[in-house]
Amino acid sequence: MKVLVVGSGGREHSIVWKLVQSRVVDKVYCIPGNAGISEIAECVEVESKDFSAFLDFVKYEWIDLTVVGPEEPLARGIVDVFEKEGRKIIGPSKAAAQIESSKVFAKDFMKKYKIPTAEYKVFTSYTHAEDYIRLKGTPIVVKADGLAAGKGVFVCQSYEQAVEALKLIMKEKVFGPAGDRVVIEECLHGKEVSYLVFTDGKTIVPMVTSKDHKRLLDNDEGPNTGGMGTFSPNPIITPELEKEIMDTIIKPTIRGLKQEGIVYKGILYAGIMIVNNKPYVLEFNCRFGDPETQVILPRLETDLVDIFMAIAEQRLNKIEVKWKKDASLCVILASEGYPGKYKKGLPVTGLEMVKGLKDILVFHAGTKFNDEGQIVTNGGRVLGVTALGKDIKEARKRAYSAIEFIKFEGMQYRKDIGLNI
Ligand code: AMP
Ligand code: GLY
């Protein structure tokens, strides 16, 4: 069969990498892909605001299954467009994707269905929002309602910081209409975990646990990023805690959405803070995590296409999903200046040296080939180096040894991924 993956990051590279190994897949396409993906799949540039060109491509190439990586096309309804035409696609509908695309929707939904989350209020008026911040005091968290490419959340330690964030969102409109409403919420202190599941709207199959390191610098300092490194499993999540996450968060979410008339199919990702051994939802994502996927899929034994087809045909209860015992760890190599402004087009060297290494996988994110056929940087997060090992310590050692070979000007990465767990 033929499969199409939509997206261009490390998450998509790891999805493509896994799909290529499927016993039933003949060919994988990616729109638009990156340099690493183009080594194992056919990358195609397709521009289309209403997804009609995507659909034409799928029909023309006789593609059997489409998998959507990022939230943006899901929030704009790519799944609805494909399903209307009877095409198999993995991801939630536009209505279901609101769990990520509107923080107001997600918070109000959690309140209604008693899913544990930080206390909050929603504002459409700048003045009322500012009054509320003064009333509540700091630390406090200010969030733009809509999608903001991971930049719309401000964890503020002072009143001045909170007002600054509010101004950026509501007055300067740096995120456009995503800032028409804000959520102001209580700041939670604890340990963050990523919890992802596959679901067909009826059956829920948990993935292995993981942890992302969101801050740019070692010891969780510096600004928030899309994620600087991950590992799996996450030992913080004991079997008891996992049961509690399933019972108080994941199951009530899928059930509650159904009560709202929304069948959630695809991947559900809960970003969770563990406070005094109790889980609270920080956010929901309607897709695989990046870079969580780069540590989760290398541990998956089952053919990913079997899982995707079971989701599409709502028979997830009929298949067994198996995982490897090995631990995995991924370190992100980022451009100088990320998550702010950064240069592009800088040559990346050493990739050939790492290619044959046992238990090492390099997933490309912001890379492309230049006119001379050389791999150059093309984004903030450039590469993710994943290693497998008998435990996190071994995986960590292998990942950092492999990184020694890879170089590009201004390359920055955290040295403490998986260190203090
Ligand atoms: P979000 O995109 O909502 O996950 O927010 C991005 C990051 O901000 C999270 O991964 C947390 O590190 C942090 N964050 C979000 N909400 C809160 C909160 N209520 N308390 C503390 N930190 C938070
Ligand atoms: N790693 C965080 C995210 O995918 O949103």
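Preceding this section is the structure that the text describes.
Residues numbered from 1 in each chain as written. Chains lettered and ligands numbered in written order. Predicted model: local features only at pLDDT ≥ 70, side-chain atom pairs only at ≥ 80, totals over all residues. Heavy atoms only, no water.

Caption draft 1: Structural view of the overall build of the protein. Secondary structure assignment for the protein yields 14 helices and 22 strands. By the compact-globule yardstick of 22 Å for 421 residues, the protein fits well, its C-alpha radius of gyration being 21 Å. Taking all 421 residues of the protein together, 56% fall into the buried category. In the protein, of all internal contacts separated by at least 6 residues, the share reaching a separation of at least 24 is 68%. One finds the centroid of the 59 positive side-chain charges in the protein at a distance of 3 Å from the centroid of its 57 negative side-chain charges. (Helix = DSSP H or I, 4+ residues; strand = E, 2+ residues; numbered from the N terminus. Rg over C-alpha atoms; globule rule 2.2 N^0.38 Å. Buried < 20%, exposed > 50% of the residue type's maximum accessible area, 1.4 Å probe, protein only. Contact = heavy atoms within 4.5 Å. Lys, Arg positive; Asp, Glu negative; His and termini not counted. Charge placed at Lys NZ, Arg CZ, Asp CG, Glu CD.)

Caption draft 2: Representation of the sheet that holds strand 2 (residues 27-32) within the structure. Across the sheet, five strands lie side by side as 3-2-1-4-5; this open sheet has parallel pairing. If you trace the sheet from one side to the other, it starts and ends with strand 3 (42-43) and strand 5 (89-90), each paired once. Taken together, the six bridges between strand 1 (residues 2-7) and strand 2 define a ladder with parallel strand orientation. Each bridged residue has a counterpart across the sheet, and for Lys-2 the counterpart in strand 2 is Lys-27. (Pairing = 2+ DSSP bridges.)

Caption draft 3: Quick peek at the site of ligand 1. Lining the immediate surroundings of ligand 1 are 16 residues, of which Glu-185, Glu-186, Leu-188, Glu-192 and Glu-283 lie closest. Here a nitrogen atom of ligand 1 and a side-chain polar atom of Glu-185 are 2.7 Å apart. A distance of 3.0 Å separates an oxygen atom of ligand 1 from a polar side-chain atom of Lys-214. For ligand 1, whose accessible area on its own is 470 Å², the fraction buried by protein is 91%. Looking at the shell around ligand 1, the elements with two or more residues in it are strand 7 (140-144), strand 8 (153-156), strand 9 (182-186) and strand 17 (278-285). Across the shell around ligand 1, the residue classes tally to eight nonpolar, one polar and seven charged. (Near = heavy atom within 4 Å. Polar contact = N/O pair within 3.5 Å; in protein donor to acceptor, adjacent residues only side chain to side chain. Areas by Shrake-Rupley, 256 points an atom, 1.4 Å probe, with all protein chains shown as cover. Nonpolar A, V, L, I, M, F, W, Y, C, P; charged D, E, K, R; others polar.)

Caption draft 4: The arrangement of the sheet that holds strand 8 in detail. Across the sheet, four strands lie side by side as 6-9-7-8; this open sheet has antiparallel pairing. Of all strands in the sheet, those with a lone pairing partner are strand 6 (120-123) and strand 8, marking the two edges. Strand-to-strand twist of the sheet, defined as the mean angle between neighbouring strand axes without regard to direction, takes the value 20°. Relative to strand 8, strand 7 runs antiparallel, the two sharing four bridges. If you follow Lys-143 over to strand 8, its bridge partner there is Val-153. (Axes fitted to C-alpha atoms, helices over the stretch in contact; angles between N-to-C directions.)

Caption draft 5: Inspection of the site of ligand 2 at higher detail. The environment of ligand 2 is formed by Asp-212, Lys-214, Gly-226, Tyr-269, Asn-285, Arg-287, Gly-289, Asp-290, Pro-291 and Glu-292. Note that a nitrogen atom of ligand 2 is positioned 3.3 Å from one of the backbone N or O atoms of Gly-226. With respect to ligand 2, the side chain of Glu-292 contributes an N or O atom lying 2.8 Å from a nitrogen atom. Across the complex, the protein chains shield 90% of the 200 Å² of accessible surface that ligand 2 would expose by itself.

Caption draft 6: Geometry of the pairing of strand 14 (residues 221-224). Where strand 13 (residues 215-217) lies against strand 14, two bridges are found, and the strand directions are antiparallel. Among the inter-strand pairings, Arg-215 is bridged to a residue of strand 14, identified as Asn-224.

Caption draft 7: Structural detail: the packing of helix 8 (residues 126-136) against helix 9 (residues 159-171). At a minimum axis distance of 10 Å, the contact between helix 8 and helix 9 shows a crossing angle of 160°. Of the possible angle classes, the one that applies to helix 8 and helix 9 is roughly antiparallel. Here helix 8 runs over helix 9; the crossing is right-handed. Between helix 8 and helix 9, the contacting residues are Tyr-126, Ala-129, Glu-130, Ile-133 and Arg-134 on the first element and Tyr-159, Ala-162, Val-163, Leu-166, Lys-167, Met-170 and Lys-171 on the second. (Parallel < 35°, antiparallel > 145°, perpendicular 65-115°, else oblique. Left-handed = near helix turned anticlockwise from the far one by under 90°.)

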